[in-house]
Amino acid sequence: TMMSEKRPELVISECDMSDAEEFVVQEAAAWRGVPDCPSVAKAALKLVSNAPGGACIVFAPDEELQKLTKYAHHSDNGGMTQRLQGVHVGSTEFAKIFHEFTSHTKTDRWPEDYDDPELRGRPKDGVGALLNTSGFRVKCAVKLEGLPQSANAWSCVGM
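What counts as what
Residues numbered from 1 in each chain as written. Predicted model: local features only at pLDDT ≥ 70, side-chain atom pairs only at ≥ 80, totals over all residues. Heavy atoms only, no water. Helix = DSSP H or I, 4+ residues; strand = E, 2+ residues; numbered from the N terminus. Buried < 20%, exposed > 50% of the residue type's maximum accessible area, 1.4 Å probe, protein only. Contact = heavy atoms within 4.5 Å. Areas by Shrake-Rupley, 256 points an atom, 1.4 Å probe, with all protein chains shown as cover. Pairing = 2+ DSSP bridges. Axes fitted to C-alpha atoms, helices over the stretch in contact; angles between N-to-C directions. Salt bridge = Lys/Arg side-chain N within 4 Å of Asp/Glu carboxyl O. Phe/Tyr/Trp six-rings, centres within 6.5 Å; stacked < 30°, edge-to-face > 60°. Lys NZ or Arg CZ within 6 Å of the ring centre and 35° of its normal.

J.: Could you give an account of the overall build of the protein chain, naming the residues involved and the relevant values?
T.: From N to C terminus, the protein chain includes five helices and four strands. Each helix and strand of the protein chain, placed in order from N terminus to C terminus, yields the pattern α-α-β-α-β-α-α-β-β. In terms of principal-axis extent, the alpha carbons of the protein chain reach across some 50 × 45 × 30 Å. Looking at the protein chain residue by residue over its 159 residues, the buried ones come to 35%. Counting contacts in the protein chain only where the partners sit at least 6 residues apart, residues at least 24 apart contribute 65% of the total. Looking at the protein chain as shown, the accessible area adds up to about 10,200 Å², and 52% of this sits on carbon and sulfur atoms.

Laid out in structure tokens, this is it:
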């Protein structure tokens with residue numbers, strides 16, 4: 001029998017939307033030099049909480065996002081990254097595309113007749129967006145592979 005390494009369990013606290021919003025705004029306000037950061041954090045939280053399916057946005061300063069470079073790989077050959085180039089997270093266009101990305105389909109792919117040919121038939125997998133503090137995507141439809149092990153365990157939860 002191979003024993004697992006003992007790590008402290010991740011502490012998860014449930015909260016309502018106003019508590020979550022207060023937390024992300026406080027955290028974002030601590031990132032100095034980016035005046036719009038709290039409003040960007042609220043916009044990202046709203047997208048994730050209103051998503052029809054599983055959703056994730058990694059929101060961080062550029063220097064932190066750069067640490068993910070060697071682990072972040074497109075699941076869709078860059079189609080969604082291209083589609084959201086220059087589109088702010090607070091815009092209705094970003095919200096529409098993120099909603100469609102998180103909407104489940106039988107194949108978990110964009111429809112073959114989707115209006116953007118770059119997304120047709122592509123997988124809708126991975127982290128929805130790596131988002132910088134200015135509210136613009138750095139990369140979308142991202143699989144994070146090979147990350148270093150966390151200091152905490154999250155037992156009895158799937159990958």
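J.: Can you tell me about the sheet that holds strand E3 (residues 127-131), naming the residues and giving the values?
T.: If you walk across this open sheet you meet the four strands as E1-E3-E4-E2, and the pairing is mixed. A single partner strand is all that each edge strand has here, and the edge strands are strand E1 (57-59) and strand E2 (72-74). When strand polarity is set aside, the average angle formed by the axes of neighbouring strands in this sheet is 45 degrees. Across three bridges, the pairing between E2 and strand E4 (residues 137-144) is antiparallel. Across the sheet, the residue bridging to His73 is Lys143, located in E4. Helix-sheet contacts for helix H5 (residues 92-102) involve E1, E3 and E4, and the interaxial angle to E3 is about 145 degrees.

J.: Before we move on, could you go through the pattern of salt bridges and cite the residues and values that matter?
T.: Summed over all chains, the structure comprises five salt bridges. Residue Lys67 pairs with Glu64 through a salt bridge whose shortest N-O separation is 3.2 Å. With a relative accessible area of 55%, Lys67 lands in the exposed category. With a closest N to O distance of 3.3 Å, Asp116 and Arg83 form a salt bridge. Of this pair, Asp116 sits in the loop between H5 and E3 while Arg83 sits in helix H4 (residues 79-83), and the two are 33 residues apart along the sequence. With respect to class, Asp116 is no different from Arg83; both count as buried. Each member of the salt-bridge network shares a partner with another, and the members are Arg83, Asp115 and Asp116.

J.: I'd love a proper account of the packing of aromatic side chains, names of residues and values included.
T.: Aromatic ring pairs are defined here through the distance separating the ring centres and the angle between the ring planes. Per the counting criterion, the structure on display carries two aromatic pairs. With a centroid separation of 5.2 Å and an interplanar angle of 50 degrees, the aromatic rings of Trp31 and Phe59 are classed as tilted. Here Trp31, found in the loop between helix H1 (17-29) and helix H2 (37-50), pairs with Phe59, found in strand E1; they are 28 residues apart in sequence, far enough to count as distant. When its relative accessible area of 18% is taken as the criterion, Phe59 is described as buried. Consider the rings of Trp110 and Tyr114, whose centres lie 4.7 Å apart with planes at 50 degrees: the pair is tilted. Of the two residues, Trp110 and Tyr114, both sit in the buried class. Above the face of the Trp110 ring, Lys124 is positioned so that its terminal group lies 5.3 Å from the ring centre.

J.: Tell me about the pairing of E4, and please be specific about residues and values.
T.: Summarising the sheet, E3 and E4 pair through four bridges and their orientation is antiparallel. Following the sheet pairing, Val127 is matched in E4 by Val142.

J.: Requested: an account of the pairing of E3, with residues and values cited.
T.: In terms of residue burial, E3 counts as a mostly covered element, since five of its five residues are buried. Of the pairings in the sheet, the one linking E1 to E3 comprises three bridges and is parallel in character. Across the sheet, the residue bridging to Phe59 is Leu131, located in E3.

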